[in-house]
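Here's the letter readout for the chains.
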2 protein chains.
Amino acid sequence: MRSARLFAVFGALWLSVSTLRAADPLPSWNDTATKKFIVAFVERATKEGSADFVPANERIAVFDNDGTLWAEQPMYFQAFFVFDRIKALAPEHPEWKEKEPFASVLKGDMKVALAGGEHALLEMVMATHAGMTTEEFSKVVSDWIATAKHPKTGKLFTEMVYQPMLELLAYLREQGFKTFIVSGGGIEFMRPWAERVYGVPPEQVVGSSIKTKFELRDGKPVLMKLPELNFLDDKAGKPAAIQHHIGRRPVMAFGNSDGDLQMLQWTTAGSGARFALIVHHDDAEREFAYDRESHVGKLDKGLDEAKAKGWIVVSMKDDWKKIYP
Amino acid sequence: MRSARLFAVFGALWLSVSTLRAADPLPSWNDTATKKFIVAFVERATKEGSADFVPANERIAVFDNDGTLWAEQPMYFQAFFVFDRIKALAPEHPEWKEKEPFASVLKGDMKVALAGGEHALLEMVMATHAGMTTEEFSKVVSDWIATAKHPKTGKLFTEMVYQPMLELLAYLREQGFKTFIVSGGGIEFMRPWAERVYGVPPEQVVGSSIKTKFELRDGKPVLMKLPELNFLDDKAGKPAAIQHHIGRRPVMAFGNSDGDLQMLQWTTAGSGARFALIVHHDDAEREFAYDRESHVGKLDKGLDEAKAKGWIVVSMKDDWKKIYP
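Asks: Even after reading the chapter, I still don't get the sheet that holds strand 1 (residues 60-63) of chain B, so can you show me in this structure?
Replies: Strand-to-strand pairing in sheets goes through backbone hydrogen bonds, with the strands running parallel or antiparallel. Residues and elements named next belong to chain B. The strand order 4-3-2-1-5-6-7 describes an open sheet built from 7 strands, whose pairing is mixed. The outermost strands of the open sheet, each flanked by one partner alone, are strand 4 (220-231) and strand 7 (312-315). Direction aside, neighbouring strands of the sheet carry axes that sit 30° apart on average. The pairing of strand 1 with strand 2 (residues 178-186) spans 4 bridges and is classified as parallel. When the bridges of strand 2 are listed, Ala61 appears paired with Thr179.

Asks: In this structure, what is going on with the sheet that holds strand 1 (residues 60-63) of chain A? I would like to understand it.
Replies: Residue and element names in this part refer to chain A. Spatially, 7 strands are ordered 4-3-2-1-5-6-7 in an open sheet, and the strand pairing comes out mixed. Where the open sheet ends on each side, the last strands, each with one partner, are strand 4 (220-231) and strand 7 (312-315). This sheet shows a mean twist of 30° between the axes of neighbouring strands, independent of strand direction. Contacting strand 1, strand 2 (178-186), strand 3 (205-217) and strand 4, helix 10 (residues 237-245) runs over the sheet at an angle of about 130° to strand 2. Lying on the sheet, helix 11 (residues 261-268) is in contact with strand 1, strand 2, strand 5 (252-255) and strand 6 (275-280); it crosses strand 5 at an angle near 165°.

Asks: How do you make sense of helix 12 (residues 301-309) of chain B when you look at a structure like this?
Replies: Two residues of an α-helix separated by three or four positions point the same way, owing to the 3.6 residues in each turn. All names here are of chain B. All of the buried residues in helix 12 are Gly302, Leu303, Glu305 and Ala306. Along the axis of helix 12, the buried residues cluster in a sector spanning 165°; they form a single face. More than 90 degrees from the buried face of helix 12, the exposed residues found are Lys301, Lys307 and Ala308. Contact partners of the buried residues in helix 12: helix 11 (261-268), strand 6 (275-280) and strand 7. Of the residues flanking the end of helix 12, it is Gly310, one or two places downstream, whose phi is positive at about 75°.

Asks: Is there a simple way to explain unusual backbone geometry in this structure?
Replies: When glycine is set aside, most residues are seen to have a negative phi, and most peptide bonds are trans. Following Glu100 of chain A, the chain continues into Pro101 of chain A via a peptide bond in cis, with omega recorded as 5°. Turning to its location among the elements, Pro101 of chain A is positioned in the loop between helix 3 (77-89) and helix 4 (102-107). Geometrically, the link from Gln73 of chain B to Pro74 of chain B is a cis peptide bond, its omega value of 0° lying close to zero. As for its placement among the helices and strands, Pro74 of chain B is situated in the loop between strand 1 and helix 3 (77-89). In this structure, Asp218 of chain A takes a positive phi of about 55° despite not being glycine. Residue placement: Asp218 of chain A occurs in the loop between strand 3 and strand 4. Among the residues examined, Asp218 of chain A registers a relative accessible area of 81% and is labelled exposed. Although it is not a glycine, Lys235 of chain B adopts a positive phi angle of roughly 50°.

Asks: Quick question: what am I supposed to make of the confidence of the model for chain A here?
Replies: Low pLDDT marks regions whose predicted coordinates should not be analysed in detail. Taken residue by residue, chain A gives an average pLDDT of 94. The fraction at 70 or more is 93%. The ipTM, which scores confidence in the relative placement of chains, is 0.92 for this predicted complex, and the corresponding pTM is 0.93.

Asks: What exactly am I supposed to notice about the packing of helix 3 of chain B against helix 7 (residues 134-145) of chain B here?
Replies: Relative placement of two packed helices is described by the angle separating their axes and the distance separating the axes. All names here are of chain B. Two elements in contact, helix 3 and helix 7, have axes separated by 11 Å at closest approach and are oriented at 105°. Classified by the angle their axes make, helix 3 and helix 7 are roughly perpendicular. Listed contacts from helix 7 to Phe77, Phe80, Phe81, Asp84 and Arg85 of helix 3 are Phe137, Val140, Val141 and Trp144. Its residues assigned to classes, the contact of helix 3 with helix 7 shows 7 nonpolar, no polar and 2 charged.

Asks: Help me understand the environment of Lys322 of chain B, please; the structure alone is not making it clear to me.
Replies: Residues and elements named next belong to chain B. Locating Lys322 in the fold gives a position in the segment after helix 13 (316-319). Here Lys322 falls in the partly exposed class, since its relative accessible area comes to 37%. Between the C-alpha atom of Lys322 and that of Glu228, which follows or precedes it by 94 residues, the distance is 40 Å. In contact with Lys322, other than residues within four places in its own chain, are Ser28, Gln163, Pro164 and Arg286.

Asks: Mind showing me how you'd approach the pattern of salt bridges here?
Replies: Pairs may arise between side chains of opposite charge once their charged atoms sit close together. Residues and elements named next belong to chain B. Within the structure shown, the criterion is met by 38 salt bridges over all chains. The closest approach of N and O atoms between Arg44 and Asp52, which form a salt bridge, is 2.8 Å. For Arg44, a relative accessible area of 35% puts it in the partly exposed group. Looking at Asp52, the relative accessible area reads 23%, which means it is partly exposed. Close ionic contact of Arg292 with Asp304 constitutes a salt bridge, the shortest N to O distance being 3.1 Å.

Asks: Help me understand the interface of chain A and chain B, please; the structure alone is not making it clear to me.
Replies: By a widespread convention, an interface's size corresponds to the accessible area lost as its parts come together. Facing the 37 residues of chain A at the interface are 37 residues of chain B. With both sides pooled, the region where chain A packs onto chain B buries about 3000 Å², and carbon together with sulfur makes up 52% of that total. Of all residues in chain A, the largest losses of buried area upon contact with chain B belong to Glu203, Phe214 and His244 of chain A, amounting jointly to 22% of the total for that side. One salt bridge connects Arg248 of chain B with Glu195 of chain A, and the closest N-O pair in it is separated by 3.1 Å. Only helix 7 (134-145), strand 2, helix 9 (187-198), strand 3, strand 4, helix 10 and helix 11 of chain A provide two or more residues apiece to the side of chain A that touches chain B. Tallied by class, residues from the side of chain A that touches chain B come to 16 nonpolar, 12 polar and 9 charged.

Asks: Help me understand the packing of aromatic side chains, please; the structure alone is not making it clear to me.
Replies: Residue and element names in this part refer to chain A. Taken as a whole, this structure holds 40 aromatic pairs over all chains when the rule is applied. Ring geometry for Phe37 versus Phe275: centroids 6.0 Å apart, planes at 35°, classification tilted. Here Phe37 is found in helix 2 (residues 33-46), whereas its partner Phe275 is found in strand 6, with 238 residues between them in sequence. Look at Phe254 and Phe275: their rings are 5.6 Å apart centre to centre, the planes differ by 40°, and that puts the pair in the tilted class. On the criterion of sequence distance, the pair formed by Phe254 in strand 5 and Phe275 in strand 6 is long-range, its members being 21 residues apart. A network of ring pairs unites the aromatic residues Trp70, Phe77, Phe80, Phe81, Phe137, Trp144, Phe157, Phe189, Trp193 and Tyr198 as a single cluster. Sitting over the face of the ring of Trp266, Arg249 holds its NZ or CZ atom 3.8 Å from the ring centroid.

Asks: Got a minute to help me understand empty space enclosed by the protein in this structure?
Replies: Here the idea is plain: a probe the size of a water molecule rolls over the atoms and shows the empty space left. Applying the stated criterion to the full structure yields 1 cavity of 30 Å³ or more. Looking at the largest cavity, its volume works out to about 30 Å³. Contributing to the lining of the largest cavity are Glu203 and His245 of chain A together with Phe180, Glu203 and His245 of chain B. The residue inventory of the lining of the largest cavity, partitioned by class, reads 1 nonpolar, 2 polar and 2 charged.

Asks: What exactly am I supposed to notice about the nonpolar core here?
Replies: Core analysis: the largest hydrophobic core is formed by 73 residues, its most contacted members being Met165, Leu168, Tyr198, Met252 and Phe254 of chain B. With 8 residues, the single largest contributor to this core is helix 3 of chain B. Excluding residues within four positions of it along the chain, Phe254 of chain B makes contact with Ala61, Val62, Phe63, Asp64, Thr68, Met165, Leu168, Leu172, Met263, Leu264, Phe275 and Leu277 of chain B. Core analysis: the second largest hydrophobic core is formed by 72 residues, Ile38, Phe41, Val279 and Ile312 of chain A among them.

What counts and how
Residues numbered from 1 in each chain as written. Chains lettered and ligands numbered in written order. Predicted model: local features only at pLDDT ≥ 70, side-chain atom pairs only at ≥ 80, totals over all residues. Heavy atoms only, no water. Pairing = 2+ DSSP bridges. Helix = DSSP H or I, 4+ residues; strand = E, 2+ residues; numbered from the N terminus. Axes fitted to C-alpha atoms, helices over the stretch in contact; angles between N-to-C directions. Contact = heavy atoms within 4.5 Å. Buried < 20%, exposed > 50% of the residue type's maximum accessible area, 1.4 Å probe, protein only. Arc of directions from axis to C-beta. pLDDT = per-residue confidence, 0-100. Parallel < 35°, antiparallel > 145°, perpendicular 65-115°, else oblique. Nonpolar A, V, L, I, M, F, W, Y, C, P; charged D, E, K, R; others polar. Salt bridge = Lys/Arg side-chain N within 4 Å of Asp/Glu carboxyl O. Buried area = accessible area lost by both parts, 1.4 Å probe. Phe/Tyr/Trp six-rings, centres within 6.5 Å; stacked < 30°, edge-to-face > 60°. Lys NZ or Arg CZ within 6 Å of the ring centre and 35° of its normal. 1 Å grid on protein atoms, 1.4 Å probe; cavity = no way out; pocket = protein on both sides within 12 Å on 5 of 7 lines; lining within 4 Å. Points joined across faces, edges and corners; volume = space filled by probe spheres on them. Core = buried A, V, L, I, M, F, W, Y, C linked by side-chain atoms within 4.5 Å.

Put into structure tokens, the structure is as follows:
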């Protein structure tokens, strides 16, 4: 009888250990304080009766995209798209051979092309994102994202998403959170693939946008994309876009750069339980290492404020078992 | 044995009839062709293997608000809010006594106040919707909507929602549709009560908006509402707003006026199963009767196009058992 009882006890132990293992929602995260903090917060937020309980309809989590959900070096992936589109559209624009910043792109000198700063970038965005219908643009993006590859890793750009963050997105959704992307990137650039890659449906993608115009074309209604900026979803624009699209303050916010600072401030200034996390790119070997001095994804003020306010700073090197899926 | 078998057969029949009755998702709709058409469409759209099957993630239904989900006579309910706010704010604005359109509002002459057309209306909207934070405005709306009453019916405005449409919203959600409001009314005017009254959460409310600005006020982040129009969500604006907020074409669209025409065109021009419905106000006794000649909720082109394209036109008089809850 004694051995049977022992067997039952060990059996139960074995069962609960294996259940725990099977239930680990974040297998690509090392068992560091970061992971423990995330899980503890979510458990408090979802436990009825807990002081930090958040009702299901208020469980909003917002994620930056570039540098938070996928890589952003040596430049934003949407910039690769812009350059590829300029090359593809060049035959229809013979004048581009003589006209900057297009001429430099066609010569392959992206540094000179980008030297014109925001104005030059905006000109290239308008030349490649406007002048067609929303459906046509969506198809262009879908075709590009299915084949274009990163020059350094040789991976598809959608293979350069962060596996630990994919697990975090899925975990939060399982716990009743609605996950939103709030990105400086183009809203219509992300939507064609965000649902497949991140599990985030188009109606939960927020980003920068250009204006559109409703027209009847041969009796068929279309939305033409106009070469006019509608909204720049970066820095102080992020809280405004969150309010405009979501209409309530997030409970959790995830970013990686100073462009996310106001979003994290806005999120954590709400009453009750709030959570802010910054992904710190400190893994030169497996990904890229950059912060205060970087032109892309600069993280300076955000790093100081995270320290001062006790926000979570993820060390990609220490906290993540793996980077890409 | 025979009677036992009969009993079993009748028992089964009785059970299925009572199940059908209990399961009627639209009890406030008369059993007319309209109701049958709605239910038949939803059954086809949600039945796997059906030619008209719509995957769950694409089940988007958009509803106009004024005149479609709640009443809009003798003027949009948000106009009552504007006038009440002007009266409440008048002590802080002594200059309004001499300045139109405010002077007329304070004298109680709404007709003269509105005679200045769109410009005067916009001025009144800015004076009452801007100059405070988004949270302050939300509280003002919540306080007003909890007590303000309709001059003719004496009901709270939120009691003048249409019971048959509440049932339709709930029915569609049960069938896996995400229900959105897409209204010419103010997005921040609807959000504070749309979830409680319609079951539509803030992130699924789309409407007209003014700009906001992120600021740190005594170190606390706020969004200040600016006296500047951001987007007018009416007519050709509705498809643009649908694309911007939702990012995919709705499967079903519900409106009541020419302001919804482009939304219905945009919805029904999609491939596969699409559904458009217009609520026709033809019940002077229980609600209001108006269409082609009305200043509010004018329905002229929409009525013709509905006939030409086979869209459903709801007769409030014939199709609805009751109007208000």
